[in-house]
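Overview (structure and organization)
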Amino acid sequence: MTSTSGTDVVRTAAALALGDDALILSHRLGEWAGHAPVLEEEVALANIALDLLGQARVLLSLAGDEDELAFLREERAFRNLQLVEQPNGDFAHTIARQLYFSFYQHELYAELAAGDGPFGPLAAKAVKETAYHRDHAEQWTLRLGDGTEESRRRMRTALDALWKFTGEMFAPVDGVEVDWAALEQRWLASLTGVLDRAGLALPEGPRTGAWAAGAGRQGLHTEPFGRMLAEMQHLHRSHPGASW
Amino acid sequence: MTQNWPLWEVFVRSRRGLSHTHAGSLHAPDAEMALRNARDLYTRRGEGISIWVVPSTEITASSPDERDPFFAASADKPYRHPTFYEIPEGVRHL
Amino acid sequence: MVAVTPETGPNAAPGTDAGQAGAQDSGVQELGMPDLGAQLAAAFDAAVAADERVEPRDWMPEAYRASLVRQMAQHAHSEIIGMQPEANWITRAPSLRRKAILMAKVQDEAGHGLYLYSAAETLGTSRDELLDKLHSGKQKYSSIFNYPTLTWADVGAIGWLVDGAAITNQVPICRCSYGPYARAMVRICKEESFHQRQGFELLMALSKGTEAQHAMAQDAVDRWWWPSLMMFGPPDDESAHSAQSMAWRIKRHSNDELRQRFVDIAVPQAEALGLTLPDPDLKWNEERGQHDFGAIDWAEFWDVLKGNGPCNDQRINQRRAAHEEGAWVREAAAAYAEKHVRTESEARV
């Protein structure tokens, strides 16, 4: 057996980090099926979930066998951000999560697409998808923020609740060649712009909890994640070696 | 407070060079969302490259009955159609 | 999932749409102009008999309109309720490929519900009105969705058998006399071509897989076979609306004809899958050139239709909850639209 080079190890770890983000968020969005506030939104959320699942499959395949990685890893081996594993909550929570993540993912993939790194080709395709995800989150943020009193209150609550998971997004990932500090500035600027138009302020308070900083990327997750994985992996694990 | 979103008619251009054709309708709170919903609903298999949305209430139609005599007149002017004219066989580019 | 609209039979609860739209009413009396009314009715009948399409603003008999709204609504409701039994497995799909397929399929069902509600709206009935009738139980959806999806193989059985039965039912509706319904069905049938195939392929993988997987597939087919046959609706001699629907060319074939066609298609497919159909009386009848099959338990059908199926309450409760919990979202978007339209028009002045 040939030894894996250092570059490969780094690339695999990076593919897992990005792939797990997409996989886990896709799963959460998939939980909306049959529960969305209006039929048109069933279709929209499923579109985003399918885009993310497609990205996850490409990325995980760069790191190994997509199904082994998705269904046979233990919780501590997942490298996704804690943000994407957060439960759906109400529609405002889902939109706040989408807003934070899609703005991040879009900036990240745009930069990767422009570079000549190993994720360039994937990012070039995905960036068209993330542009749409970003737009979807933005449109809904405007409507919930500037809709009714209730929607504004719910959106405010959701933005605050998820704020502490956003710091982790900009902890550098080995093998992902971007300027993380600049990425964070662009993210903050575009987020502030949208929230401003929605009549919402940027949440206050720390962007990392005492426990959260960089944790998901190191395999430390939140309690709901274990349950999510139990559900996701149960069938696959119940039939070791079976093909589906 | 109303939760009822108005109805929009959707027109899709399937590829460059073709006109927009009516694809169906949907509900949306406003034009921006109508466009996005139309994109999700009517082009999720790559059926289109451009979309128009129009509030259904903004469409003025020709007559209340689509089998109305409104169009009968044009049916008796066969000379408007090229097939009306006899051309000897072998004559080309006509 | 493609869903069908079995002609609700004589036991339909009184007061439901299904119970009301029985007798033909020419609409002549309402017009108060017997001559014109008779002329319109004759023109309508002639057009339908000549296989012309009826379009939304054409004159049509009230009973034709009512019958169409009832059928399109039931069809649309079936699509969106039909999302539930399959969505039940999205989060547990055993491979990423299967997960993507299943998500896309459930998404299609939402889309198909939308096409059908739109078609119904061309007759002046709003989606909200129809959803209210679904939520209050005044309108039905296909009874098949009141059965539970207990294992992963059920996703395959739904694709193969339930979608298969639905397609058999739906293809003729592409030539339905009502234009918007026919057009919606053309789009739906085109998009659904993958639904049945993925179910068949899923079952094939299980059937050829491990012993446990094979058993799972067989169990699912055992449970879904009979309910699938019931999807074609009661036998012709008990079907309340069939004859009229056929005369109006809303329907093209009788329930029993379509059921027979489905059985004849399914038998060789089951063989190819290496699975058996749970009917000891199922055999080829040389003389008829068709399969004979056992008696359907219509008591079960009516019981499930009446609300006593394993999942009736669960399905409708989930549907209602999604609608109610979404109210604030729909309100917010409507409020935003109103504010911004106002701002824009003020800006123009």
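Residues numbered from 1 in each chain as written. Chains lettered and ligands numbered in written order. Predicted model: local features only at pLDDT ≥ 70, side-chain atom pairs only at ≥ 80, totals over all residues. Heavy atoms only, no water.

Where an unreviewed UniProt entry is consulted, chain B appears under the name 1,2-phenylacetyl-CoA epoxidase subunit B, with the organism given as Streptomyces goshikiensis.

Chain A puts 11 residues into the contact, and the matching count from chain B is 13 residues. Taken together, both faces of the contact between chain A and chain B bury some 1100 Å²; the carbon and sulfur share is 55%. On the chain A side of the contact with chain B, Glu40(A), Tyr132(A) and Arg143(A) bury the most area, a combined 46% of that side's loss. For the pair chain A and chain B, the number of links is three salt bridges. We note a salt bridge from Arg143(A) to Glu32(B), for which the minimum N-O separation is 3.1 Å. Those elements that place two or more of their residues in the side of chain A that touches chain B are α2 (39-63) and α6 (120-145) of chain A. Per-element tally for the side of chain A that touches chain B: the top contributor is α6(A), with five residues. (Contact = heavy atoms within 4.5 Å. Buried area = accessible area lost by both parts, 1.4 Å probe. Salt bridge = Lys/Arg side-chain N within 4 Å of Asp/Glu carboxyl O. Helix = DSSP H or I, 4+ residues; strand = E, 2+ residues; numbered from the N terminus.)

This part is about the environment of Leu206(C). Mapped onto the elements, Leu206(C) comes out in helix α10 (residues 193-207). C-alpha separation for the pair Leu206(C) and Ala153(C), spaced 53 residues apart in sequence, amounts to 7.6 Å. The contacts of Leu206(C), once residues within four sequence positions are left out, are Trp244(A), Trp152(C), Ala153(C), Gln213(C), His214(C), Met216(C) and Ala217(C).

Each partner contributes residues to the interface: chain C has 44 residues there, and chain A has 47 residues. Contact between chain C and chain A buries roughly 3900 Å² in total, counting both sides, with carbon and sulfur atoms accounting for 68%. By the criterion of area lost to chain A, the three top residues of chain C are Leu96(C), Trp328(C) and Tyr336(C), representing 20% of everything that side buries. Ionic pairing is found between Glu40(A) and Arg127(C), a salt bridge with its closest N-O pair at 2.6 Å. Linking chain C with chain A are 15 residue pairs in polar contact (both at pLDDT 80 or more). No other element matches the 13 residues that helix α6 (residues 96-121) of chain C contributes to the side of chain C that touches chain A. Residue composition of the side of chain C that touches chain A, by class: 27 nonpolar, nine polar and eight charged. (Polar contact = N/O pair within 3.5 Å; in protein donor to acceptor, adjacent residues only side chain to side chain. Nonpolar A, V, L, I, M, F, W, Y, C, P; charged D, E, K, R; others polar.)

For sheets, the rule is that strands pair by backbone hydrogen bonds, running either parallel or antiparallel. All names here are of chain B. Overall, antiparallel pairing links the three strands, which are arranged β2-β1-β3 in an open sheet. The sheet is open, and its two edges are formed by β2 (21-27) and β3 (50-55), each paired on a single side. Pairs of neighbouring strands in the sheet enclose a mean axial angle of 30°, with direction left out of account. Sheet topology note: the strand β1 (residues 7-13)/β2 ladder contains six bridges and is antiparallel. (Pairing = 2+ DSSP bridges. Axes fitted to C-alpha atoms, helices over the stretch in contact; angles between N-to-C directions.)

Attention now moves to the pattern of salt bridges. Between side chains of opposite charge, a pair can form as their charged atoms come close. All names here are of chain A. Taken as a whole and judged by the stated rule, the model has 37 salt bridges over all chains. Linking arginine 154 and aspartate 90 is a salt bridge whose minimum nitrogen-to-oxygen distance equals 2.9 Å. You can see arginine 154 sitting in helix α7 (residues 149-163) and its partner aspartate 90 sitting in the loop between α4 (82-85) and α5 (91-114), a full 64 residues away along the chain. Residue arginine 154 is classed as partly exposed on the basis of its relative accessible area of 22%. It is possible to trace a salt-bridge network through shared partners that takes in Glu107, Glu111, Arg134 and Arg186. (Buried < 20%, exposed > 50% of the residue type's maximum accessible area, 1.4 Å probe, protein only.)

Turning our eyes to something else, we now look at the packing of α6(A) against helix α1 (residues 31-42) of chain B. Two elements in contact, α6(A) and α1(B), have axes separated by 11 Å at closest approach and are oriented at 145°. As for how α6(A) packs across α1(B), the hand of that crossing is left-handed. Each of Tyr132(A), Asp135(A), Gln139(A), Trp140(A) and Arg143(A) in α6(A) lies in contact with α1(B), whose residues at this interface are Glu32(B), Met33(B), Arg36(B), Arg39(B) and Asp40(B). (Left-handed = near helix turned anticlockwise from the far one by under 90°.)

For an α-helix, 3.6 residues make a turn, and residues three or four places apart therefore share a direction. The end-to-end C-alpha distance of α5(A) is 33 Å, a good match for the 34 Å that 24 residues give at a rise of 1.5 Å each. Among the 24 residues that make up α5(A), 19 are buried, leaving the element largely enclosed by the rest of the structure. (Expected span 1.5 Å × (residues − 1).)

Let's shift gears to the state of the cysteines. Such a bond, covalent and formed between the sulfur atoms of two cysteines, is termed a disulfide. Residue and element names in this part refer to chain C. Under the counting rule described, the total for this entry stands at zero disulfides over all chains. Of all cysteine sulfurs in the structure, the one in cysteine 174 sits closest to cysteine 176, which takes part in no disulfide; the separation is 9.6 Å. Counting only cysteine sulfurs, cysteine 174 is the nearest neighbor of cysteine 189, a cysteine outside any disulfide, at a range of 3.6 Å. Relative accessible area serves as the criterion here: at 18%, cysteine 189 is assigned to the buried category. (Disulfide = S-S within 2.5 Å.)

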